[in-house]
Amino acid sequence: MKVTPEEEALLLQLALAQGVTVPRLLVEATLSSAVGETPTERRNAMVELFGIHRLLAAVSNNVNQIAKATNATGEVHEDLVQTLRAVRRTAERVDTAIDGLSPR
């Protein structure tokens, strides 16, 4: 079966957006109906989750340092406010990543 020029253009656009070839796009689209996600989507989700993991490790280190300083002085530092904002942003990224992994 041949595709129309319009269909080919759309396939090229979708493949480019996902960073794959048109044949890979077609294979993933066909198989995704059976598994619920494409390998490209899964790879992108894993990259995002690894990034979140690194952020959480950095935030954890900051929280420990701030807690130590707060315990020593009894004063809440501005760093605590900034760190808690980073925690909220990271939590939002976690929610987004989870939503991306949820069945459609």
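Quick note: structure is the one above.
Every value quoted in this text rests on a predicted model; they were computed, and no experiment measured them.

Thresholds applied
- Residues numbered from 1 in each chain as written.
- Predicted model: local features only at pLDDT ≥ 70, side-chain atom pairs only at ≥ 80, totals over all residues.
- Heavy atoms only, no water.
- Helix = DSSP H or I, 4+ residues; strand = E, 2+ residues; numbered from the N terminus.
- Expected span 1.5 Å × (residues − 1).
- Buried < 20%, exposed > 50% of the residue type's maximum accessible area, 1.4 Å probe, protein only.
- Salt bridge = Lys/Arg side-chain N within 4 Å of Asp/Glu carboxyl O.

A. Representation of helix 3 (residues 39-73) in the model. Taking 1.5 Å as the rise per residue, helix 3 with 35 residues should run 51 Å; its terminal C-alpha atoms sit 51 Å apart, in good agreement. Every buried residue of helix 3 is listed here: T40, A45, G51, I52, V59, I66 and T70. Backbone geometry just downstream of helix 3 places G74 in the positive-phi region, at approximately 80°.

B. The pattern of salt bridges, seen in detail. One pass over the structure, following the stated rule, counts one salt bridge. For R93, the salt bridge goes to E48, with nearest N and O atoms at 2.9 Å. Of the two residues, R93 sits in helix 4 (residues 78-101) while E48 sits in helix 3, which places them 45 residues apart along the sequence. By relative accessible area, which is 32% here, R93 ends up partly exposed. Look at E48 and you get partly exposed, because its relative accessible area is 28%.

C. Region of the structure containing helix 1 (residues 5-18). End to end, helix 1 covers 20 Å across 14 residues, agreeing with the expected 20 Å (1.5 Å per residue, within 8%). G19 sits one or two residues past helix 1 and shows a positive phi near 70°.

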